[in-house]
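Below are the chains, spelled out letter by letter.
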Amino acid sequence: MAAALGLGLLATGCGPIAFNDTVNYKLAAPEPEPEPEPEARAKLSGDHIVIDGMIQFEYDSAEIKAVSHELLDAVVKVMQDTPRIEQLDVIGHTSSEGSKKHNDKLSTDRAASVMAYLKSHGIDVDRLMSHGKGSSDPVADNDTEEGRIANRRVEFKVTKMATGDEPEAGAAAGKGGARGRPGAGH
């Protein structure tokens, strides 16, 4: 009967020892699935660094809002991870509200502010250029608030790659370009 219960006796020099011959296996909990890495907020696509939001500034100012630092840090990472980008042009744009002179200055100042941010986060200034286009290159209708918001943007255009490779013109076309998603994150 002892064998039916899985018990046995072992004779030793010190007397019998009872033992249980059943093993209780405990299955280890499965490893949790690793969390997927978040989608990069900026990536190199053709001749642009494409961002997934909009860089925000204080009203009528070149001061970058803190909410945009994460997005700009992603641009810094692309530049650090892609040393073959020898020249990046930071281009500021505005909506058509205000005078041409005011918009040209505001877009130039905003592009310079973004360039200064990149420089202050370790990107060699020799790899950067900035300029503003004011309201001369809209991507949406300036007659609607949605359109004006889309037109207030900063683009990142690669103008020179290492080893003489020039980025393909229009390679980012159809993917939103460097403009990101209009209206995202305002």
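Look a little higher up for the structure.
Please read these numbers as outputs of a predicted model, since none were measured by experiment.

Draft legend 1. Structural view of the overall build of the protein. Helices and strands together make up the secondary structure of the protein, namely three helices and seven strands. Taken from the N to the C terminus, the helices and strands of the protein come in the order β-β-β-β-α-β-α-β-α-β. In the protein, buried positions account for 37% of the 186 residues. Taking the contacts inside the protein whose residues are at least 6 apart along the sequence as the reference set, 69% of them involve residues at least 24 apart. Of the roughly 11,700 Å² of accessible surface on the protein, 55% is carried by carbon and sulfur atoms.

Draft legend 2. Focus on the pattern of salt bridges. Following the criterion strictly, the structure yields 12 salt bridges and no others. Residues Asp104 and Lys100 are paired through a salt bridge, measuring 2.7 Å at the closest nitrogen-oxygen approach. Separated by four residues within a single helix, Asp104 and Lys100 lie in helix H2 (residues 100–120), roughly one turn from each other. Judged by its relative accessible area of 62%, Lys100 falls in the exposed class. For the salt bridge of Asp109 with Lys105, the shortest nitrogen-to-oxygen distance reads 2.7 Å. A residue pair is termed a helical-turn pair when its members lie 3 or 4 positions apart in one helix, as Asp109 and Lys105 do in helix H2 at four residues. Residue classification places Lys105 among the exposed residues on the basis of a relative accessible area of 53%.

Draft legend 3. Looking closely at the pairing of strand S5 (residues 85–92). Across the eight residues of S5, seven count as buried, placing the element largely inside the fold. One ladder, built from seven bridges, connects S5 with strand S7 (residues 154–161); its direction is antiparallel. Across the sheet, residue Val90 finds its bridge partner in S7, namely Phe156. As defined by bridge partners, S5 adjoins strand S6 (residues 128–132) across five bridges and the pair is classed as parallel. Opposite Val90, over in S6, you have Ser130 as the bridge partner.

Draft legend 4. Region of interest: the side chain of Arg153. Looking at the element boundaries, Arg153 is found in the loop between helix H3 (145–151) and S7. No salt bridge is formed by the buried Arg153, whose closest oppositely charged neighbour, Asp137, lies at an N-O distance of 4.1 Å.

Draft legend 5. Expanded view of the nonpolar core. One finds Ile49, Ile55, Leu88, Val114, Leu118 and Phe156 to be the most contacted residues of the largest nonpolar core, which totals 27 residues. Elements with a contribution of two residues or more to this core: strand S4 (48–51), helix H1 (69–81), S5, H2 and S7. Sort the elements by how many residues they give to this core and H1 lands first, with seven residues. Once residues within four sequence positions are removed from consideration, Leu118 is found in contact with Leu72, Val75, Val76, Leu88, Val90, Ile123, Leu128 and Phe156.

Definitions and cut-offs
- Residues numbered from 1 in each chain as written.
- Predicted model: local features only at pLDDT ≥ 70, side-chain atom pairs only at ≥ 80, totals over all residues.
- Heavy atoms only, no water.
- Helix = DSSP H or I, 4+ residues; strand = E, 2+ residues; numbered from the N terminus.
- Buried < 20%, exposed > 50% of the residue type's maximum accessible area, 1.4 Å probe, protein only.
- Contact = heavy atoms within 4.5 Å.
- Areas by Shrake-Rupley, 256 points an atom, 1.4 Å probe, with all protein chains shown as cover.
- Salt bridge = Lys/Arg side-chain N within 4 Å of Asp/Glu carboxyl O.
- Pairing = 2+ DSSP bridges.
- Lys, Arg positive; Asp, Glu negative; His and termini not counted.
- Core = buried A, V, L, I, M, F, W, Y, C linked by side-chain atoms within 4.5 Å.

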